Amino acid sequence: MKKKPDPGPRLWKHDCKLSRAGLLCGIDEVGRGPLAGNVVVACVVLDLSTLPIPNLNDSKQLTPLSRKALFPLILERTLAWSLGEATPEEIDQINILQATFLAMRRALASLSLKPALLLVDGNRKIPGVDFPQKTLVGGDGLSASIAAASVLAKVTRDEAMEDWDRRLPAYGFGRHKGYGTLEHRKALLQHGLSSIHRRTFCSAFTQ
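Just so it is clear, the structure is predicted and the values come from calculations on it, not from any experiment. The residue numbering used here restarts from 1 in each chain and proceeds along that chain's sequence as written. In keeping with the predicted nature of the model, local features appear solely for residues at pLDDT of at least 70, side-chain atom pairs appear and are counted solely at 80 or more, and the whole-chain, interface and lining totals rest on all residues. Derived side-chain values reflect all non-hydrogen atoms in the structure, with water molecules and hydrogen atoms excluded from consideration.

(A) Here's a closer look at the packing of helix α1 (residues 8–18) against helix α5 (residues 144–167). Lines fitted to C-alpha atoms define the axes, with helix axes restricted to the stretch in contact, and inter-axis angles between N-to-C directions lie between 0 and 180 degrees. Secondary structure elements follow DSSP: runs of H or I no shorter than four residues count as helices, runs of E no shorter than two count as strands, and numbering proceeds from the N terminus. Running from N to C, α1 and α5 point in directions that differ by 120°, and their axes come no closer than 7 Å. If you check the angle between α1 and α5, you find them oblique. For the pair formed by α1 and α5, the contact residues are L11, W12 and D15 on the first element and A144, S145 and A147 on the second. Residue classes in the contact of α1 with α5 are distributed as four nonpolar, one polar and one charged. Note that the term roughly parallel is reserved for angles under 35 degrees, roughly antiparallel for angles over 145, roughly perpendicular for angles of 65 to 115, and oblique for everything else. The contact rule is simple, with two residues in contact once any of their heavy atoms fall within 4.5 Å. Polar here means any residue outside two lists: the nonpolar Ala, Val, Leu, Ile, Met, Phe, Trp, Tyr, Cys and Pro, and the charged Asp, Glu, Lys and Arg; Gly therefore counts as polar.

What follows is the structure in C-alpha cells.
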C-alpha cells in the first residue's frame, strides 16, 4: 500500500507565507456538536522558524494515538499557547455559537504573546477582539497553526470526557466523548440528564 504524503510541510509552508507580517495565532474549537461537556478552544503561536512538525494535520484526520503523540511535539514548537472553555450551562444560556466565541475570547485573553494575525477556522470572525483576523474555511487542513490548535483542543477535550467517564460510567463518555451516538441516547433515556449535559441539546432524547 502506497504511503500517504506527510501533510505537515504543506501546512507549514502555508503559514510561513502569511507570517511575513508578524506572528500568527491559529485558533480552533472542538465540541460544538456533542450533547454533553464543554466546548474547548485552543490558541497556538507556532515557532515557524523551526522545521515542520511531521504528520501535523486536522485533528479529525488523525487517530487518537496520533493526536496524543503530536501533543508534546506541538508544545515544543510553540512560542505561546492557551486554552479556553465554555460550560454546558453557558451553552444553554447563550447558545453554542456565542459560547464558542466566549471560549475563544477566554483563550486569547490568556495568551502570553500578542499575535499580528489570528487565523480562525471557519467563516466567522470572532466578535469583541482587537486582533486582525483571517478566516479559513477548512483551515485545520490548510494551516499548521490551526491544525496544531485543533489537536491541542481535541486531546484536551477527549481527556476531560474520559475523566467524566470515570465519574459517571453509566453514560459511556469515554467511548463517544459526549456525541449523540445510539449508546449515548439510550443512556439518556435510561438515566436522564447528568450535570454535564447540555439541556438545550438533549430535549429530544429525554421526553
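(B) Structural view of the environment of L75. Position of L75 relative to the elements: it lies in helix α2 (residues 64–76). The exposure class assigned to L75 is partly exposed, which follows from its relative accessible area of 28%. When the C-alpha positions of L75 and A148 are compared, they lie 9.1 Å apart, and in sequence the two are 73 residues distant. Each residue gets one of three labels from its accessible area relative to the maximum for its type: buried under 20%, exposed over 50%, partly exposed in between, using a 1.4 Å probe on protein chains only.

(C) Local environment of the pattern of salt bridges. Whenever a carboxyl oxygen of Asp or Glu lies within 4 Å of a side-chain nitrogen of Lys or Arg, that contact is scored as a salt bridge. Tallied over the full model, the rule gives nine salt bridges. One salt bridge in this structure joins R67 and D158, with 3.6 Å as the shortest N-O distance. In this pair, R67 sits in helix α2 while D158 sits in helix α5, placing the two residues 91 residues apart along the sequence. For E183, the salt bridge identified is with R175, shortest N-O distance 2.4 Å.

(D) Up close: the environment of F131. Mapping F131 onto the fold places it in the loop between β4 (117–121) and β5 (133–136). Owing to a relative accessible area of 18%, F131 belongs among the buried residues under this scheme. Taking the C-alpha atoms as reference points, F131 and C25, 106 residues apart in sequence, are found 9.9 Å from one another. Apart from residues no more than four positions distant in its own chain, F131 is found in contact with L108, K114, P115 and L118.

(E) Geometry of helix α7 (residues 182–191). Of the residues making up α7, those classed as buried are H184, A187 and L188. The buried residues of α7 all sit within an arc of 100° when viewed along its axis, so they share a single face. Of the exposed residues in α7, the ones pointing more than 90 degrees away from its buried face are L182, K186, L189 and Q190. Buried-residue contacts for α7 involve α6 (173–176) and α8 (199–202). Where α7 terminates, the next one or two residues include G192, which has phi positive at roughly 80°. This arc is taken over the directions from the axis of the helix to the C-beta atoms.

(F) Molecular detail of α1. Within α1, burial applies to G8, L11, W12 and D15. Angularly, the buried residues of α1 cover 100° about the axis, an arc narrow enough to put them on a single face. Packing partners of the buried residues in α1 comprise β1 (24–30), β2 (39–46), β4 and α5.

(G) Representation of unusual backbone geometry within the structure. Of note, the phi angle at N95 is positive, near 85°, even though the residue is not glycine. Relative to the helices and strands, N95 resides in the loop between α3 (88–94) and α4 (96–109). Residue classification places N95 among the partly exposed residues on the basis of a relative accessible area of 41%. With a phi angle near 60°, K177 is a residue other than glycine that sits in the positive phi range.

(H) Just the side chain of H184, in detail. On the secondary structure map, H184 appears in helix α7. Residue classification places H184 among the buried positions, given a relative accessible area of 0%. Polar contact criterion, stated in full: a pair of N or O atoms within 3.5 Å, where within protein one must be able to donate a hydrogen and the other to accept it, and residues adjacent in sequence count only if both atoms are side-chain atoms. One polar contact links the side chain of H184 to the main-chain carbonyl oxygen of Y179, over a distance of 2.8 Å. Here H184 is in contact with L35, A36, Y171, F173, H176, G178, Y179 and H197, once residues within four sequence places are set aside.

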